[in-house]
Amino acid sequence: MATPIGPYSPSVRAGDFIIVSGQLGVVDGALVDGVTAQTTQAVANLADRLAEYGADLSAISKTMCFLTDMSTFGEFNDAYVAAFGDHRPARSTIGVAALPLNGAVEIEAWAYFPER
């Protein structure tokens, strides 16, 4: 698991939910280049956090997405769809002034995954 860049837990279990903190498009501590690559990597990082609980992307019920440039919304959507395949969680996308590490994209998720 990557070390968080702030004072928070990368993910927590809350009953039957797994809540994943916002994931940036980071590999080995470095931000990848471009909105498409950052979106793809942020979703891969979400998948990695979920795998720690035995879950996968199909468990995600809701994502909250943050973009520093809303003019990249179309490019972001294309990469998001490619990363999630046919799964379509509920989603909000919000334009923000800035993100940590000067990222262009951040995605957090709520996954429903009952404990067995």
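Look up a bit, the structure's there.
Attention in this report is confined to the structure presented alongside it. Predicted model only: the values in this text are computed from it and were never measured.

Cut-offs used in this document
Residues numbered from 1 in each chain as written. Predicted model: local features only at pLDDT ≥ 70, side-chain atom pairs only at ≥ 80, totals over all residues. Heavy atoms only, no water. Helix = DSSP H or I, 4+ residues; strand = E, 2+ residues; numbered from the N terminus. Rg over C-alpha atoms; globule rule 2.2 N^0.38 Å. Contact = heavy atoms within 4.5 Å. Core = buried A, V, L, I, M, F, W, Y, C linked by side-chain atoms within 4.5 Å. Buried < 20%, exposed > 50% of the residue type's maximum accessible area, 1.4 Å probe, protein only. Pairing = 2+ DSSP bridges. Axes fitted to C-alpha atoms, helices over the stretch in contact; angles between N-to-C directions. Patch = residues over 30% accessible without salt bridge, like charges linked within 9 Å, V, L, I, M, F, W, Y side chains within 5 Å. Areas by Shrake-Rupley, 256 points an atom, 1.4 Å probe, with all protein chains shown as cover. Salt bridge = Lys/Arg side-chain N within 4 Å of Asp/Glu carboxyl O. Lys, Arg positive; Asp, Glu negative; His and termini not counted.

**Let's talk about the overall build of the protein chain**
In step 1: If you tally the helices and strands in the protein chain, you get two helices and seven strands.
In step 2: Along the chain direction, N to C, the helices and strands of the protein chain fall in the order β-β-β-β-α-β-α-β-β.
In step 3: For 116 residues, the compact-globule estimate of 2.2 N^0.38 gives 13 Å, and the protein chain sits close to it at 13 Å.
In step 4: Principal-axis analysis of the C-alpha atoms places the extent of the protein chain at approximately 40 × 30 × 20 Å.
In step 5: Partitioning the contacts of the protein chain with sequence separation of at least 6, the portion at a separation of at least 24 is 73%.

**Comments concerning the nonpolar core**
In step 1: Counting residues in hydrophobic clusters, the biggest one holds 22 residues, and the most contacted among them are Leu-46, Leu-50, Ile-60, Phe-76 and Ile-107.
In step 2: Residue assignment for this core shows that the elements contributing at least two residues are β2 (17-24), α1 (35-51), β5 (60-67), α2 (73-84) and β7 (105-112).
In step 3: Considering every element that reaches this core, the biggest residue donor is α1, with five residues.
In step 4: Ile-107 has contacts with Ser-21, Gly-22, Gln-23, Thr-39, Ala-42, Val-43, Leu-46, Thr-63, Met-64, Cys-65, Phe-76 and Tyr-80, leaving out every residue within four places of it along the chain.

**A look at the sheet that holds β7**
In step 1: What the five strands build is an open sheet, ordered β1-β2-β7-β5-β6; its pairing is mixed. Each having just a single partner strand, β1 (11-14) and β6 (90-95) make up the two edges of the open sheet. On average, each strand axis in the sheet is inclined to that of its neighbour by 15°, with strand direction left out of account.
In step 2: As defined by bridge partners, β5 adjoins β7 across seven bridges and the pair is classed as antiparallel. Across the sheet, Cys-65 pairs through a bridge with Ile-107, a residue of β7.

**Looking at a nonpolar patch on the surface**
In step 1: On the surface, a cluster of nonpolar side chains totalling about 280 Å² of accessible area is made up of Ile-5, Tyr-8 and Leu-101.
In step 2: Along the chain, Ile-5 turns up in the segment before β1.

**Digging into the side chain of Glu-106**
In step 1: Relative to the helices and strands, Glu-106 resides in strand β7.
In step 2: Lacking a salt bridge, the buried Glu-106 has Arg-49 as its closest oppositely charged neighbour, with an N-O distance of 12 Å.
In step 3: With near-sequence residues (within four places) excluded, Glu-106 lies in contact with Gly-22, Gln-23, Leu-24, Met-64, Cys-65, Phe-66, Leu-99 and Pro-100.

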